[in-house]
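A closer look at the structure
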Amino acid sequence: MSSQAPRIAIYPGSFDPLTSGHVDIIERGSRIFDKIIVAILINAEKVPLFSEEERIAIIKDVFKGNKHVQAETFNGLLVDYAQEKNATVLVRGLRAVSDFEYEFQMALMNRHLAPGLETVFMMPDEKYTFVSSRLIKEVFTLGGEVAGLVPPVVEQKLRAKQKAKRK
Ligand code: PNS
């Protein structure tokens, strides 16, 4: 029997909304770590399209069959939250070289703040490399097709929001 502490990873982000690229990274992470906590940043300066409750519910719904995945919200410094959760790893997705500069800066700042916390970059399936929450919202709002780029539950909720707005 192994006496090793469980490997807990945090996958932080806004997830407004969760995309198929995020789902791909979470699935990959859940095969590597004992627990991957999808941590939604509560940002008081931004008005999200999906409330924190909606975003948590979406993640729980998509990963209901996966006991390695948890969804939570956090505010404040990510490194403090990671410490509170006994996490040793931060997971971030890298889609393209354009992501690198911002991610590199964040990873090094987090290392400066918490040297024991390691950032691990994971690449989603190449079919999702152009997908971002921002573009999903823009394309959907302008009448474009997002099927397959977000989980079906997100597509349904986007349609419901659009319908409610038209009333
Ligand atoms: O999905 P995003 O918006 O790219 O995620 C950014 C996130 C949530 C990872 C980042 O903004 C963050 O960690 N915020 C928490 C505050 C913090 O710790 N800031 C210093 C980061 S080096």
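Everything below is about the structure printed above this text.
Residues numbered from 1 in each chain as written. Predicted model: local features only at pLDDT ≥ 70, side-chain atom pairs only at ≥ 80, totals over all residues. Heavy atoms only, no water.

Bringing the overall build of the protein chain into the picture now. Tallying secondary structure elements over the protein chain gives six helices and five strands in all. With respect to the three principal axes, the spread of C-alpha positions in the protein chain is 55 × 35 × 35 Å. Counting all 167 residues of the protein chain, 41% fall into the buried class. In the protein chain, once contacts between residues fewer than 6 apart in sequence are set aside, the share between residues at least 24 apart is 75%. Of the roughly 10200 Å² of accessible surface on the protein chain, a fraction of 55% belongs to carbon and sulfur atoms. Looking at the protein chain, you have 23 positive and 21 negative side-chain charges, and the mean spots of the two groups are 5 Å apart. (Helix = DSSP H or I, 4+ residues; strand = E, 2+ residues; numbered from the N terminus. Buried < 20%, exposed > 50% of the residue type's maximum accessible area, 1.4 Å probe, protein only. Contact = heavy atoms within 4.5 Å. Areas by Shrake-Rupley, 256 points an atom, 1.4 Å probe, with all protein chains shown as cover. Lys, Arg positive; Asp, Glu negative; His and termini not counted. Charge placed at Lys NZ, Arg CZ, Asp CG, Glu CD.)

We now examine the site of the ligand. What surrounds the ligand is a group of 13 residues, the closest being G13, S14, L77, L78 and R92. Here L78 contributes a backbone N or O atom positioned 2.8 Å from an oxygen atom of the ligand. For the ligand, whose accessible area on its own is 550 Å², the fraction buried by protein is 74%. Taken together, the elements giving at least two residues each to the shell around the ligand come down to β1 (8-13) and α4 (97-113). With four residues, α4 is the single largest residue contributor to the shell around the ligand. When the residues that make up the shell around the ligand are grouped by side-chain class, the tally is eight nonpolar, four polar and one charged. (Near = heavy atom within 4 Å. Polar contact = N/O pair within 3.5 Å; in protein donor to acceptor, adjacent residues only side chain to side chain. Nonpolar A, V, L, I, M, F, W, Y, C, P; charged D, E, K, R; others polar.)

In this section: the pairing of strand β3 (residues 69-74). The sheet contact formed by strand β2 (residues 35-41) and β3 spans six bridges and is parallel. From the neighbouring strand, A39 faces β3, where its bridge partner is E72. After leaving β2, the chain enters helix α2 (residues 52-62) and then returns to the sheet as β3, a path that is right-handed. (Pairing = 2+ DSSP bridges. Right-handed = clockwise from strand over helix to strand, strands pointing away.)

Note on helix geometry: an α-helix contains 3.6 residues per turn, so any two residues three or four positions apart are oriented the same way. Taking 1.5 Å of rise per residue, the 13 residues of helix α1 (residues 20-32) would be expected to cover 18 Å, and the 19 Å separating its terminal C-alpha atoms lies within 8% of that figure. Those residues of α1 not exposed but buried are S20, G21, H22, V23, D24, I25, I26, G29 and S30. At the N-terminal boundary of α1, the capping side chain belongs to T19, with an oxygen 3.2 Å from the backbone nitrogen of G21. (Expected span 1.5 Å × (residues − 1).)

This paragraph deals with the pairing of β1. Burial analysis of β1 places six of its six residues in the buried class, which makes it a mostly covered element. Of the crossover connections in this fold, the one passing from β1 over α1 to the parallel β2 is right-handed.

Bringing the nonpolar core into the picture now. The tendency in soluble globular proteins is for nonpolar side chains to be buried as a group. Formed by 30 residues in total, the largest nonpolar core has its most connected members in Y11, L18, I26 and V91. Of all the elements in the fold, those that place two or more residues in this core are β1, α1, β2, α2, β3, β4 (89-93), α5 (133-141) and α6 (152-166). Contacts of Y11, omitting those with residues within four sequence positions, involve H22, I25, I26, I36, I37, V38, A39, V91, R92 and G93. Ranked by size, the runner-up nonpolar core spans 13 residues in total, among them I37, A87, A114 and L117. (Core = buried A, V, L, I, M, F, W, Y, C linked by side-chain atoms within 4.5 Å.)

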